[in-house]
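Chain by chain, the residues:
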Amino acid sequence: MQAFADLIQQLERSAGTKDRVTALATHLQAAEAADGAWALALLLGKRRRRLITGRRLRQICLERSGLPEWLFDSCHAQVGDSAETIALLLPELALPPAPPLELSLATWMETRLPALAALESEAQAEAVLAIWAALPDGQCFLFNKLLTGGFRVGVAAGLVTRALAQVSGLEEAELAHRLMGGFDPSAAAMEALLAPIEDGAAAPISRPYPFCLASPLEPEHLAATDPAGWQVEWKWDGIRAQLIRRSGQTFLWSRGEELINASFPELEGMAERLEPGTVLDGELTVWLAQAPQPAGFGPLQRRLGRQKPGAALLRECPAAFIAYDLLERGAQDLRPEPLSQRRTALEALVQELQEAVATPAAGLLRLSPVLPLGSWDELQALRQQARSVGAEGLMLKALDSAYGVGRRRGLWWKHKLEPMELDAVLLYAQAGSGRRANLYTDYTFGLWDGDGHLVTFAKAYSGLDNSEINELDRWIRRHTTERFGPVRAVDPLQVFTLGFEGLQRSSRHRSGLAVRFPRILRWRRDRTPESADSLSSALALLEDPAAQRSTAQR
Amino acid sequence: MALPGDGLIQLTPQGLYCPAADAWIDPWRPVSRALITHGHADHARPGCGAYWAVRSGEGVLRQRLGSGIALTGVGYGEELRLGEALVSFHSAGHVLGSAQIRITAGDETWLISGDYKRDDDPSCAPFEPVTADVLITEATFGLPIYRWRPGRQVAAEILSWWREAPQRPSLLFAYAFGKAQRLLAELAALGVEEEVLLHGAVQTLMAPYRSAGVVLPPTRPLSELPRGESLAGRLVIAPPSAHRSPWMKRFKAPQTAFVSGWMAVRGARRRRGFERGFALSDHADWDGLLRSVHDCGARQVYVTHGNSDGLARFLREERGLAAEPLGRAFVGQRSEEGELEGAAAPSVA
Ligand SMILES: [Zn+2]
């Protein structure tokens, strides 16, 4: 594990992208396949299981050291992290010297850590203490982090794929694709991941393509272009999804790479009518049969996370897949084709299907309409209509563009109604006052900093309906990690889209940003905390004059 | 909590005051007579009528407070009579010329620790344990997470950090008075004979150290270097206030590091925005504080600065000592050299 600990330290210390990629590549190249696989899973945040709570480790530390609890808590308040606090306090434990323990990362992850978690209280404490005594300097922190599931490195997934590309000689896009749909850390998975294209084993049929992502619109990039070169669509207020039909099976993936088939049985049924080797990119929504527009995010929430929904729910909140791109047809990868051709093929496919099935089942698959745009002057007016059709803004996609991997600026733009929006992670909650005195209704949210840590960004009090508040209150009570007086820190797992009117630089805030009128737009159960926004996206909003202009207009 | 109003040492708006000696210790505002523990800006302020301080600290004090100040230099351990009181200065091991001040009057002895550390430091005299009935101690790093490694070891890491980047300038940020010279002395002890470049703020403090006979590598102010001369592979020491200031424009792709006790915590390292943080302090760590309180043998302890509440509570509840934090008066008196970041807000990591 020393090599991995060294890598983490190197990543922490090097500021430059090139140095970080080199460090990653060197490590992945040198590591045994099984260790490399685990390093990769950890770096990509794909493995973060909590085996022992931070509270339990704290208890072991307190019992052995005899430190008063309040002093431990003062230390924690200064450090901000239990795993690190304990690592710094180890000398207080006066552990007997032990021969150094050096095990491979895979051994720790596959054998030793799960074994520790399975032990009973007394035996567990002794085993943890023995490990603390034997771990070389610098590994205790990592060990505590891995054990409590809080491990996170401040390295963007893009840098990891770049390093993998250096190691394997494969294209970054190919690697990003191979990493989609989950990566189960094992030597075999690592070898398959890095295998040359020609002798690579057949890809799992479930594997989705990396989603092409849009950037917030920068109008100055458009002004010089011909509006006819762009496909304009509504930006739907649902969740992004990929529908795969291959070899007689259906896979519905959320953008967070979760398989959500079980929540949407009616879409599974619809997908059976698709030809084998078809992959659609689109938006999951709830859309009542006779309604002119989707039912909004609230009803969709009722469907998300509900496995095997009952007949009543299916009737009240029927799902629809609004298709806007065709990524694969006849088992051919269409992504290199220009959007204009993919669109033609998509229209044909949707029409065929709609003609083949009777209404209302036809409503299960809808085509995202292309909106007419004669000149750029019409763009604002068009965007203002978004709300009236249940959309949250506009999408602009370059007609001659291939389907990109991840966020490729300039190919897809989003032009939202809300002046500013970010997805943030719930960090702290505090009880409200008056009527809501018994409920946790005051929330503090964080964004990712460049080092993979969540930094407090905004507080918000409003935006959820009563049933959501109640549900979140229960969740908060079950997932409290620490208490600071009336404030509870919670597991950083829940993502919320926050809307706000403006941003300002501020030295008084830890994020360096003050947020104007933040409010919760929606609870993003479809999002994993890793997919939440970063401080750098907030800074990009701050520096984007277009966003500021639209704020002034409102 | 304040000091008793009739004690040997009292807390006044100007700072700690000894009526028997009619003198203040490290006063915050101009007073007639000031006993100075050391030259850091939060302990030595200009405008007092008369000063007493350790002779080896005289050069720094005159430079910072004015060459014309009425300053009486005192040797370590030398006993002075001031009014009704006997006053002596004892080495604090903090920086060149730093002292703990011991005051006896009637049948009572008080010790004001000033800033101190117990670790080896080739740039100043070592800490001298002193007994007293009442101790006023600092607690800048009064938490058990702070535990220093030997300065020589940290200096060796800094040396390899510097050596491993021969193609970039190495910018090391350290407090200008004390830390910078301690690092230079440690580097000299590691065999460094190569010239080190200095920011102006560090440069002004070199003369007192050289005349005190501290062994240091050759140094030169950066400003004396011809414009355009390559700084690749050079070590430059500057105060933390120069970080991200226009002064940095001179350097092409420098690697940066900050040397401070606060760097023991990852969160503090990240927030400060330096590539590297080296944990090295001229203040006592947790063990150093406890050891010094023990060595002093005082029946009553007052705690100032940093985690004063926590250290006092620990001494009271875990060691059975009469110990109290000395109020908020000391908070906010810190300058750059004793910089407090305050308790960090909890973060999720
Ligand atoms: Zn000082």
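Here, the structure is the one placed above.
Residues numbered from 1 in each chain as written. Chains lettered and ligands numbered in written order. Predicted model: local features only at pLDDT ≥ 70, side-chain atom pairs only at ≥ 80, totals over all residues. Heavy atoms only, no water.

The next thing to look at is the packing of helix H7 (residues 105–118) of chain A against helix H9 (residues 139–148) of chain A. All names here are of chain A. Where H7 contacts H9, the two axes come as close as 11 Å, and the packing angle between them is 60 degrees. Considered as vectors, H7 and H9 are oriented oblique to each other. Helix-helix and strand crossings are classified by hand; for H7 and H9 the assignment is right-handed. In this structure, H7 uses Leu-105, Trp-108, Met-109, Leu-113 and Leu-116 to contact H9, whose residues at the interface are Phe-143, Leu-146 and Leu-147. Here the residues of the contact of H7 with H9 are counted per class, giving eight nonpolar, no polar and no charged. (Axes fitted to C-alpha atoms, helices over the stretch in contact; angles between N-to-C directions. Helix = DSSP H or I, 4+ residues; strand = E, 2+ residues; numbered from the N terminus. Parallel < 35°, antiparallel > 145°, perpendicular 65-115°, else oblique. Left-handed = near helix turned anticlockwise from the far one by under 90°. Contact = heavy atoms within 4.5 Å. Nonpolar A, V, L, I, M, F, W, Y, C, P; charged D, E, K, R; others polar.)

Residues and elements named next belong to chain B. An order of S7-S8-S9-S10-S11-S18-S19 is seen for the seven strands of this open sheet, with the pairing classed as mixed. Lying at the two open borders of the sheet, with one neighbouring strand each, are strand S7 (79–82) and strand S19 (322–325). Pairs of neighbouring strands in the sheet enclose a mean axial angle of 20 degrees, with direction left out of account. Where strand S10 (residues 108–112) lies against strand S11 (residues 134–138), three bridges are found, and the strand directions are parallel. Within S11, the position partnered with Leu-111 by the bridge is Leu-135. Packed onto the sheet, helix H7 (residues 286–296) meets S10, S11 and strand S18 (300–304) and runs at close to 165 degrees relative to S11. Each of S11, S18 and S19 touches helix H8 (residues 308–319); the most contacted strand, S19, lies at about 165 degrees to it. (Pairing = 2+ DSSP bridges.)

Next up on the list: the coordination of the zinc ion. All names here are of chain B. For the zinc ion, the full set of protein donor atoms is His-38 (NE2), His-40 (ND1), His-94 (NE2) and Asp-115 (OD), at a range of 2.1 to 2.3 Å. Around the zinc ion, the four donor atoms are arranged such that angles at the metal cover 91 to 164 degrees; this shape is classified as irregular. Within one chain, the residues serving as donors to the zinc ion are arranged as H-x1-H-x53-H-x20-D. Of the two residues, His-94 sits in the loop between strand S8 (85–91) and strand S9 (99–105) while Asp-115 sits in the loop between S10 and S11, which places them 21 residues apart along the sequence. (Donors = N, O, S within 2.8 Å, 3.2 Å for Na, K, Ca; no water. Tetrahedral: all angles 85-135°; square planar, octahedral: opposite > 155°, others 65-115°.)

All names here are of chain B. Inspection of helix H1 (residues 58–65) places Val-60, Leu-61 and Leu-65 among the buried residues, and these make up the whole buried set. The buried residues of H1 all sit within an arc of 105 degrees when viewed along its axis, so they share a single face. Buried residues belonging to H1 abut strand S5 (50–54), strand S6 (71–74) and helix H5 (206–211). Where H1 terminates, the next one or two residues include Gly-66, which has phi positive at roughly 115 degrees. (Buried < 20%, exposed > 50% of the residue type's maximum accessible area, 1.4 Å probe, protein only. Arc of directions from axis to C-beta.)

Taken as a whole, this structure holds 23 aromatic pairs over all chains when the rule is applied. Taking the centre distance of 6.0 Å and the plane angle of 15 degrees together, the rings of B:Trp110 and B:Tyr302 count as stacked. Note that B:Trp110 is positioned in strand S10 and B:Tyr302 in strand S18, a separation of 192 residues in sequence. In this structure, B:Trp110 and B:Tyr302 share a single accessibility class: buried. The rings of A:Tyr443, A:Phe445, A:Phe496 and A:Trp523 are connected pair by pair, giving a single aromatic cluster. Between the NZ or CZ atom of A:Lys397 and the centre of the ring of A:Tyr324, over which it lies, the distance is 4.2 Å. One cation-aromatic arrangement involves B:Arg163 over B:Trp162; the distance from NZ or CZ to the ring centre is 4.4 Å. (Phe/Tyr/Trp six-rings, centres within 6.5 Å; stacked < 30°, edge-to-face > 60°. Lys NZ or Arg CZ within 6 Å of the ring centre and 35° of its normal.)

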